[in-house]
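# Fold and geometry: a report
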Amino acid sequence: GAVVSQHPSRVICKSGTSVKIECRSLDFQATTMFWYRQFPKQSLMLMATSNEGSKATYEQGVEKDKFLINHASLTLSTLTVTSAHPEDSSFYICSAITLNRRLLAGNTDTQYFGPGTRLTVL
Amino acid sequence: QKEVEQNSGPLSVPEGAIASLNCTYSDRGSQSFFWYRQYSGKSPELIMFIYSNGDKEDGRFTAQLNKASQYVSLLIRDSQPSDSATYLCAVNKSGGYNKLIFGAGTRLAVHP
């Protein structure tokens, strides 16, 4: 299967600082990556979609200036949480799809998920 | 109305029994449906997907889809304690390229 990694797996930071989370596709080229956020006992909420070399598309209600996404290459996307506050504490998960080794479910590409990053803002 | 609804559970079944997990969705244009398993503190892992009405079997798992009723289910046969996890139903958003809408998940507990 396609492997996606995230770094770091856990991060604790002080309020007001910025945190960068990396998402890498290890054995495939990720044409599109997705960033999700999951609060305890809640579902995954899509934050944004990023395509290599272009600006990310943010979901309604997600502040693009607070959650900076950069998809600089076909194997790396980064999410930077700027001026983090305790309410930003959450589980951040990325996923990726590839057009090289597509696993199509009807008209939808199957997403390969990273292991997630647990962010705690003090 | 939530876009994807699941009973939060917990659904408790004895080892060896069949676990039945249900999901309803509101977007009639959705065509692809996914079941993910998520262990506590971990990210989701894909169990299976379905996009045609009817049943689809993969090992101990069977997904069932009824688009007219906007209903999708997952059956787990011969449930094992290792199946204890939260099961997430995800539905593609019509008109949104590859976007998935997730339900809140059903927590399954399989007891020996």
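As the structure is a computational prediction, the values presented were derived from the model and not from experiment. Counting restarts for each chain: residues are numbered from 1 in the order of the written sequence. Each chain gets a letter, beginning with A, and each ligand a number, beginning with 1, in the order they are written. With pLDDT at 70 or above as the cut-off, local features in this predicted model cover only qualifying residues; side-chain atom pairs require 80 or more to be listed or tallied, and sums for whole chains, interfaces and linings still use all residues. Calculated side-chain values reflect all of the structure's heavy atoms, with hydrogen atoms and water omitted.

A common measure of how large an interface is: the accessible area buried when the components associate. Should any heavy atoms of two residues lie within 4.5 Å, those residues are considered in contact. Listed by partner, the interface residues are 27 residues for chain A and 21 residues for chain B. Once two parts are joined, some of their accessible surface, as seen by a 1.4 Å probe, is lost; buried area is that loss totalled over both. Roughly 1,900 Å² is buried in total at the junction of chain A and chain B, and carbon and sulfur atoms are behind 56% of that figure. Among the residues chain A hides against chain B, the three largest losses belong to Ser43(A), Thr108(A) and Phe113(A). Together they make up 23% of the total. Put simply, a salt bridge is a Lys or Arg side-chain nitrogen that is within 4 Å of an Asp or Glu carboxyl oxygen. With a shortest N-O distance of 2.7 Å, Lys99(B) and Glu59(A) are connected by a salt bridge. For this analysis, a polar contact is any N or O atom pair within 3.5 Å, provided that within protein one partner can donate a hydrogen and the other can accept it, and provided that sequence-adjacent residues contribute only side-chain to side-chain pairs. Viewed at the interface, chain B and chain A are joined by seven residue pairs in polar contact (both at pLDDT 80 or more). Helix and strand labels come from DSSP, where a helix needs a run of H or I of at least four residues and a strand needs a run of E of at least two; each type is numbered from the N terminus. Looking at the side of chain A that touches chain B, the elements that each hand over two or more residues are strand E4 (32-38), strand E5 (44-51), strand E9 (90-97), strand E10 (104-105) and strand E11 (108-109) of chain A. Under the scheme applied here, ten amino acids are nonpolar (Ala, Val, Leu, Ile, Met, Phe, Trp, Tyr, Cys and Pro), four are charged (Asp, Glu, Lys and Arg), and all others, including Gly, are polar. Classifying every residue of the side of chain A that touches chain B by side-chain character gives 13 nonpolar, ten polar and four charged.

Residue and element names in this part refer to chain A. Remark: exposure states derive from per-residue accessible area (1.4 Å probe, protein chains only) relative to the maximum for the residue type, with buried under 20%, exposed over 50%, and partly exposed in between. Counting buried residues along strand E8 (residues 76-81), six of its six residues qualify, which places the element largely inside the surrounding structure. Both faces of E8 are covered, namely the face carrying Leu76, Thr78 and Thr80 and the face carrying Ser77, Leu79 and Val81. Criterion used throughout: strands pair if DSSP finds at least two bridges between them. One ladder, built from six bridges, connects strand E3 (residues 19-25) with E8; its direction is antiparallel. Across the sheet, residue Arg24 finds its bridge partner in E8, namely Leu76. Examined bridge by bridge, strand E7 (residues 67-73) and E8 share five bridges and lie antiparallel to one another. Residue Ser73 lies in a different strand from E8, and its bridge partner there is Leu76. Linking E7 back to E8 in an antiparallel pair, the connection comprises two residues.

All names here are of chain B. Secondary-structure assignment places Gln6 in the loop between strand E1 (4-5) and strand E2 (11-14). With a relative accessible area of 13%, Gln6 lands in the buried category. Reaching out from Gln6, the side chain makes a polar contact with the backbone nitrogen of Gly105 at a distance of 3.1 Å.

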